[in-house]
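Below are the chains, spelled out letter by letter.
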Amino acid sequence: MISAYENQDWKEFATHYADTAMIYNNKTKDKGQSVIQFIETNKQDATLFSSWKYVDEDSEYEMVVTDKGETWVNFWGLWQGELKANGQTYDIPSHMTVQFVDGKIVKEHGYWDISELMTSPHNVAVIDSLYKAFAAGDVPAVIGAMDANIVWNEAEGNPYADNNPYIGPDAVLNGVFGRVLADHAYFTLEDIELHNMNNNKVLATLRYDAKHKTIGRAYNAQVAHLWTLENGKITAFQQFVDTKKLNDAMTK
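Residues numbered from 1 in each chain as written. Predicted model: local features only at pLDDT ≥ 70, side-chain atom pairs only at ≥ 80, totals over all residues. Heavy atoms only, no water.

Visitor: Break down the environment of T15 for me, with residues and values.
Guide: Of note, T15 is situated in the loop between α2 (10-14) and β1 (17-25). Note: C-alpha distance between T15 and Q80 (65 residues apart in sequence) is 24 Å. Reaching out from T15, the side chain makes a polar contact with the backbone oxygen of E12 at a distance of 2.5 Å. (Helix = DSSP H or I, 4+ residues; strand = E, 2+ residues; numbered from the N terminus. Polar contact = N/O pair within 3.5 Å; in protein donor to acceptor, adjacent residues only side chain to side chain.)

Following this line, the structure appears as structure tokens:
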């Protein structure tokens, strides 16, 4: 299972789990994940790293049978990953304990300190990856960076603020991204600069270079985006923009 994780062979990875397995890595019992959800989380995490592995010489395994007759395997290891955004390598001691039934994992608990990764540099890496995905037209990667309950607000006075707040990735995709792309001949983000902020926030200063499709007016507007993150996921977004430029370009 660990080898498949290191190689990001998710098909092989899934074969080690029972279909009904539940994973509670750094989570309470009410927030457990199914195998499918767990793999999707790993895939999203993998987009932030150039490489990751467990250091062999620091890995230890122990199988125990409890007084209830349950079979568990304990693992202690050193997780090592290189973050794409800054090339820094992070070493994180990890412990997992997994229950097996008929050779398949049915329950997994994992414990490791992710505070080093959850600091501002990591948050900036998440937002940097999001902007790069947007520029490449990789909408699934953009949506994948968002928390399931993200609260998204367009700037007051922006034509797309009519349905504020947009709750959840689907609402953002359909209510904002879909409308922006449908209304514009082109819409690009330029001069992006990212700034670390307190309280897990990242401020992006940038410009919109765009042209409305039907009216035909182009505009270049000054913009700021304020992002809030929790556990590596975007939980809130607030846009600030020169709404006069937008309305002049988009209103007959």
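Visitor: Please give an account of the environment of E40 that cites residues and values.
Guide: As for its placement among the helices and strands, E40 is situated in helix α3 (residues 35-46). With relative accessibility at 36%, the residue E40 sits in the partly exposed group. (Buried < 20%, exposed > 50% of the residue type's maximum accessible area, 1.4 Å probe, protein only.)

Visitor: Explain unusual backbone geometry residue by residue, including any values.
Guide: In the segment running from N164 into P165, the intervening peptide bond is cis, with an omega of -10 degrees. Checked against the element boundaries, P165 lands in the loop between β7 (146-153) and β8 (166-167). Residue N26 is not a glycine yet carries a positive backbone phi of 55 degrees. Along the chain, N26 falls in the loop between β1 and α3.

Visitor: Help me get a handle on the side chain of N25, residues and values and all.
Guide: Of note, N25 is situated in strand β1. Exposure remark for N25: the relative accessible area of 11% places this residue in the buried category. Here the side chain of N25 touches G110 through a polar contact of 2.8 Å, landing on its backbone nitrogen. In this structure N25 touches F38, E108, H109, G110 and W112, once residues within four positions along its chain are discounted. (Contact = heavy atoms within 4.5 Å.)

Visitor: Please give an account of the pairing of β7 that cites residues and values.
Guide: One ladder, built from 4 bridges, connects β7 with strand β12 (residues 233-241); its direction is parallel. If you follow N153 over to β12, its bridge partner there is Q238. Across 2 bridges, β7 lies against β8 in antiparallel orientation. The residue of β8 that forms the bridge with V151 is I167. (Pairing = 2+ DSSP bridges.)

Visitor: Kindly report on a negative patch on the surface, identifying the contributing residues and their values.
Guide: Where like charges cluster on the molecular surface, the negative patch consists of D56, E57, D58, E60 and D91. Secondary-structure assignment places D91 in strand β5 (residues 89-101). (Patch = residues over 30% accessible without salt bridge, like charges linked within 9 Å, V, L, I, M, F, W, Y side chains within 5 Å. Areas by Shrake-Rupley, 256 points an atom, 1.4 Å probe, with all protein chains shown as cover. Salt bridge = Lys/Arg side-chain N within 4 Å of Asp/Glu carboxyl O. Lys, Arg positive; Asp, Glu negative; His and termini not counted. Charge placed at Lys NZ, Arg CZ, Asp CG, Glu CD.)

Visitor: Before we move on, could you go through α3 and cite the residues and values that matter?
Guide: Spanning 12 residues, α3 covers 16 Å between terminal C-alpha atoms, matching the ideal 16 Å at 1.5 Å per step. Among all positions in α3, only V35, F38, I39, N42 and A46 are buried. On an axial view of α3, the arc spanned by its buried residues comes to 100 degrees, and they lie on one face. (Expected span 1.5 Å × (residues − 1). Arc of directions from axis to C-beta.)

Note that all results are geometric; they support no functional claim without further evidence.
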